[in-house]
Amino acid sequence: MTSTGTVHESVGGVYTVELDDGGRVEASLRGRLKQATREGSAAVIGDRVVLEQAAGAWTIESVEPRRTVLVRKGRGGRTAKVLAANLDHAFAVVAARDPDVAPDLVDRLLVLVESAGMKPILIVNKSDLAGDAPDVDALAALYRGLDYEVLRLSAATGEGLDALRDRCAGSTAALIGPSGVGKSSILNALEPGLGLRVGELSRKTSAGRHTTVGGRLIRLARGGLVADTPGFGDVGLWDVPLEDVGRCFPEIDELAAACRFRSCTHLHEPDCAVRAAVESGEVARSRYESYAAIYEDARET
Ligand code: GDP
Ligand code: ZN
């Protein structure tokens, strides 16, 4: 019997799949797909798969083409590791304080999400620690002005949680951001009873009991799925292709057509409309500096 479904959890070679016609089954991978696992990942959470059932055992026969992929560098930095497939959007999470919010980090997260083909939504967590601090207000205003949705949140007081639940309903999403900004705390606050460990590195570095923790999709009571994947956070482990960098800064992408050279990198060429806009204040200097830093990084890899 053949069925189709979505991978909701993967731990040590066992895949929990929710079947389209109802039910949750545990499946293993067909042998020829295991080769792909060694090279990258044959099946990850969010994947649409075709399964066979024989003698009571379920096997994943094939993985359908992915709409979006969240990829990070694997161990050693050379190979790519797909963390999740077919997500609709990703929340880029930073903290208002502890650690203080930094525009270059925000830009890096937004670019990572955009280059993965998803729509980023910025979450500024720990707003209870910042109150109406002008730097946090200015940051929110900057990104709203660029048409990014910004949610101010506190996993501690519950501020903004309802807005986040609304945003999650009817879609599959992930939280990405550095360790310590409160991603586990937000998931726990969203779904009381989840009981994710907070402030512990072991879960995040997947150095625990399981050898391969592939993560899982958490179903929210009010609808929607959120990925809980160890190691999402480590921004240093992500790559952005050089050709994507400009495109991921909407205001720079828009001005590029007015540069003298079509291939302008906006770093040193004459008659650059982007640098002119930075001088006139039309483009925020912090955004331009992030662009230049991310571009240089991408050129080195
Ligand atoms: P993660 O590494 O991103 O998953 O962050 P954690 O959820 O483990 O949280 C890191 C630390 O920040 C923990 O000590 C949490 O209790 C604390 N924390 C998380 N969210 C908030 C918040 O909204 N307000 C305050 N004051 N502390 C928070
Ligand atoms: Zn230019």
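Nothing here was measured: the structure is a model prediction, and the numbers come from that model.

1. What to know about the packing of aromatic side chains
Each aromatic ring pair is characterised by the separation of its centres together with the angle its planes make. Applying the stated criterion across every chain, the model contains four aromatic pairs. Relative to Tyr-295, the ring of Tyr-291 lies with its centre 5.7 Å away and its plane at 40°, an arrangement referred to as tilted. With a gap of four residues between them, Tyr-291 and Tyr-295 both fall in helix 10 (residues 285-300), about one helical turn apart. No difference in accessibility class separates Tyr-291 from Tyr-295, as the two residues are buried. Of the aromatic side chains, those joined through ring pairs into one cluster are Phe-249, Tyr-288, Tyr-291 and Tyr-295.

2. So, the pairing of strand 8 (residues 89-95)
The buried fraction of strand 8 is high, at seven of seven residues. The two faces of strand 8 match: His-89, Phe-91, Val-93 and Ala-95 on one face and Ala-90, Ala-92 and Val-94 on the other face are all buried. Pairing of strand 8 with strand 9 (residues 119-125), which is carried by seven bridges, proceeds in the parallel orientation. Paired with Ala-90 across the two strands is Pro-120, which belongs to strand 9. Assessed by its sense of winding, the connection that carries the chain from strand 8 through helix 2 (residues 103-115) to strand 9 is right-handed. In terms of strand pairing, strand 8 meets strand 11 (residues 172-176) through four bridges, oriented parallel.

3. Regarding the coordination of the zinc ion (ligand 2)
Taken together, the protein ligands of the zinc ion (ligand 2) are Cys-259 (SG), Cys-264 (SG), His-266 (ND1) and Cys-272 (SG), with distances of 2.1 to 2.4 Å. Coordination at the zinc ion (ligand 2) comes from four donor atoms whose angles at the metal span 102 to 114°, giving a geometry best classed as tetrahedral.

4. Focus: the pattern of salt bridges
Evaluated as defined, the whole model comprises 22 salt bridges. Where Arg-97 meets Asp-100, a salt bridge forms, and the shortest distance between an N and an O atom there is 3.8 Å. Residue class for Arg-97 comes out partly exposed when judged on its relative accessible area of 22%. Residue classification places Asp-100 among the exposed residues on the basis of a relative accessible area of 53%. When the shortest N-O distance is used, the salt bridge between Arg-287 and Glu-251 registers 2.7 Å.

Conventions and cut-offs
Residues numbered from 1 in each chain as written. Chains lettered and ligands numbered in written order. Predicted model: local features only at pLDDT ≥ 70, side-chain atom pairs only at ≥ 80, totals over all residues. Heavy atoms only, no water. Phe/Tyr/Trp six-rings, centres within 6.5 Å; stacked < 30°, edge-to-face > 60°. Helix = DSSP H or I, 4+ residues; strand = E, 2+ residues; numbered from the N terminus. Buried < 20%, exposed > 50% of the residue type's maximum accessible area, 1.4 Å probe, protein only. Pairing = 2+ DSSP bridges. Right-handed = clockwise from strand over helix to strand, strands pointing away. Donors = N, O, S within 2.8 Å, 3.2 Å for Na, K, Ca; no water. Tetrahedral: all angles 85-135°; square planar, octahedral: opposite > 155°, others 65-115°. Salt bridge = Lys/Arg side-chain N within 4 Å of Asp/Glu carboxyl O.

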